[in-house]
Amino acid sequence: MTKIEINGASLAYDDLGSGSAVVLLHAGIADRRMWRGQLAALAERHRVIALDLRGYGESELPPSPFAHHDDVVGLLDALGIDRAALVGCSFGGAVAIDTALAHPARVSALALFGTAISGNEWSEETEQLWEKLVGEVDPEDFTATAAGEVRFWVVGPGREPGDVDPELIAFAEEMDRRALAAEVALSAVEVEELDPPAIGRLGELRLPVLVTAGAADVRDIARIADRIAAEVPGAVRLPDVPDAAHLLPLERPEAVDAALRDFLR
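Residues numbered from 1 in each chain as written. Predicted model: local features only at pLDDT ≥ 70, side-chain atom pairs only at ≥ 80, totals over all residues. Heavy atoms only, no water.

Caption draft 1: Just the overall build of the protein, in detail. Along the protein, the regular secondary structure elements total nine helices and eight strands. In terms of overall dimensions, the protein is globule-like: its C-alpha atoms have a radius of gyration of 17 Å, near the 18 Å expected for 265 residues. Based on the C-alpha atoms only, the size of the protein along its principal axes is roughly 45 × 40 × 35 Å. Taken across its 265 residues, the protein has 55% of its residues classed as buried. By sequence separation, contacts in the protein at least 24 residues apart represent 75% of the contacts at least 6 residues apart. Across the protein, the centroid of the 23 positively charged side chains sits 7 Å from that of the 46 negatively charged ones. (Helix = DSSP H or I, 4+ residues; strand = E, 2+ residues; numbered from the N terminus. Rg over C-alpha atoms; globule rule 2.2 N^0.38 Å. Buried < 20%, exposed > 50% of the residue type's maximum accessible area, 1.4 Å probe, protein only. Contact = heavy atoms within 4.5 Å. Lys, Arg positive; Asp, Glu negative; His and termini not counted. Charge placed at Lys NZ, Arg CZ, Asp CG, Glu CD.)

Caption draft 2: A look at the pairing of strand E4 (residues 46-51). Burial of E4 is extensive: five of the six residues sit out of reach of the surface. Bridge analysis of strand E2 (residues 9-16) against E4 gives four bridges, and the strand direction is antiparallel. Each bridged residue has a counterpart across the sheet, and for Tyr13 the counterpart in E4 is Leu51. Note: strand E3 (residues 20-25) against E4, six bridges, orientation parallel. (Pairing = 2+ DSSP bridges.)

Caption draft 3: Representation of the packing of aromatic side chains within the structure. Taken as a whole, this structure holds three aromatic pairs when the rule is applied. Both rings, one in Tyr56 and one in Phe91, keep their centres 6.3 Å apart while their planes meet at 40°; by these two values the pair is tilted. One end of the pair, Tyr56, is in the loop between E4 and helix H2 (68-78); the other, Phe91, is in helix H3 (residues 91-102), with 35 residues separating them in the sequence. We classify Tyr56 as buried; its relative accessible area is 4%. Geometrically, the ring pair formed by Phe152 and Trp153 is edge-to-face, given 4.9 Å between the ring centres and 85° between the ring planes. Exposure remark for Phe152: the relative accessible area of 1% places this residue in the buried category. Judged by its relative accessible area of 13%, Trp153 is buried. An aromatic cluster of three or more residues is present, and its members are Trp122, Phe152 and Trp153. (Phe/Tyr/Trp six-rings, centres within 6.5 Å; stacked < 30°, edge-to-face > 60°.)

Caption draft 4: Molecular detail of the UniProt feature "domain: AB hydrolase-1" (unreviewed entry) in the protein. Sequence positions flagged by UniProt for "domain: AB hydrolase-1" (unreviewed entry) are, in local numbering, residues 21-134. Spanning residues 21-134, this segment combines 33% helix with 21% strand, and its end C-alpha atoms are found 39 Å apart. (UniProt positions renumbered as here; feature names shortened; annotations may be inferred.)

Caption draft 5: Just the sheet that holds strand E1 (residues 2-6), in detail. Across the sheet, which stays open at both edges, the eight strands sit in the order E1-E2-E4-E3-E5-E6-E7-E8 with mixed pairing between neighbours. Two strands in the sheet have a free side with no partner beyond their single neighbour: E1 and strand E8 (236-237). As paired elements, E1 and E2 share five bridges and run antiparallel to each other. Within E2, the residue paired with Glu5 across the bridge is Ser10.

Caption draft 6: Spatial organisation of the pattern of salt bridges. Evaluated as defined, the whole model comprises 19 salt bridges. Where Asp243 meets Arg159, a salt bridge forms, and the shortest distance between an N and an O atom there is 2.8 Å. One end of the pair, Asp243, is in the loop between E8 and helix H8 (248-251); the other, Arg159, is in the loop between helix H5 (142-155) and helix H6 (166-186), and 84 residues separate them in sequence. Overall, the relative accessible area of 40% leaves Asp243 in the partly exposed class. Overall, the relative accessible area of 7% leaves Arg159 in the buried class. Within the structure, one salt-bridge network assembled from shared partners comprises Asp14, Arg32, Asp52 and Glu58. (Salt bridge = Lys/Arg side-chain N within 4 Å of Asp/Glu carboxyl O.)

Caption draft 7: Focus on the nonpolar core. Of all hydrophobic cores here, the largest spans 90 residues; its most connected members are Leu24, Ile97, Leu110, Leu205, Ile228 and Leu247. At eight residues, the largest contribution of residues to this core is made by H6. Leaving out residues up to four positions away in the same chain, Leu205 has contacts with Ile97, Ala100, Leu101, Leu110, Val232 and Pro233. (Core = buried A, V, L, I, M, F, W, Y, C linked by side-chain atoms within 4.5 Å.)

Caption draft 8: Structural view of the environment of Pro253. Locating Pro253 in the fold gives a position in helix H9 (residues 253-264). Counting along the chain gives 215 residues from Pro253 to Gln38, while the straight-line C-alpha distance between them is 6.7 Å. Once residues lying within four places of it in the same chain are set aside, the contact partners of Pro253 are Gly37, Gln38 and Leu248.

Caption draft 9: Representation of the layout of surface pockets. Put simply, the largest pocket is a space of about 950 Å³. Broken down by secondary-structure element, the contributors of at least two residues to the lining of the largest pocket are H2, H3, helix H4 (124-133), H5 and H6. (1 Å grid on protein atoms, 1.4 Å probe; cavity = no way out; pocket = protein on both sides within 12 Å on 5 of 7 lines; lining within 4 Å. Points joined across faces, edges and corners; volume = space filled by probe spheres on them.)

See the structure below:
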């Protein structure tokens, strides 16, 4: 792990391999450790950088206003990288898309796994599903909240917890407890959003885009992937990854590694 000063904040990252640059951006319920299955595989051909977004993992959160997409480009500047492919999962995918829209000259490609997108509103189906699977949880109880979020996102609506590797569930809950603390801290800081948001601007993207989702994830995530594939010129929509939910790079690393090696080549 290395730390570097970016836009007034000390951000933590891992940096492996050499070649064309690839930056890995984690989900909002996780941190850079969710990419443990991709680092070595991608570092055989690329310089791979896994970043803890500001406030998450081991990265700091000063009280000054900032934008996650500007931090990504600040990292590239600090490391002397002109352009990088961005690989994102969930919230990290939303940051990757925002970065490509805000700084198009700095992003060479996007690979999006179970991605979110700025400006998207969740369907009533997803809201009802949350009520059914999780229900009311005290937001100050990080242990209970993390257990609920992992049940919803990592296990997924079509599976039972017993269907999923218990080590994966325990690791996801540990990451999410830290991420929940980050979200509380971030709520007290001015986080600048992309304006206008990405949801209405997908047609502006002019770069190679790969998108897929976990087959066991909530349906809204597959719908987002479908919309990206429909609206981004030339985007490649891979079939949903079987027996994987929201953290599919962590749950099915072999499938994700193969897709990335193929795409980034």
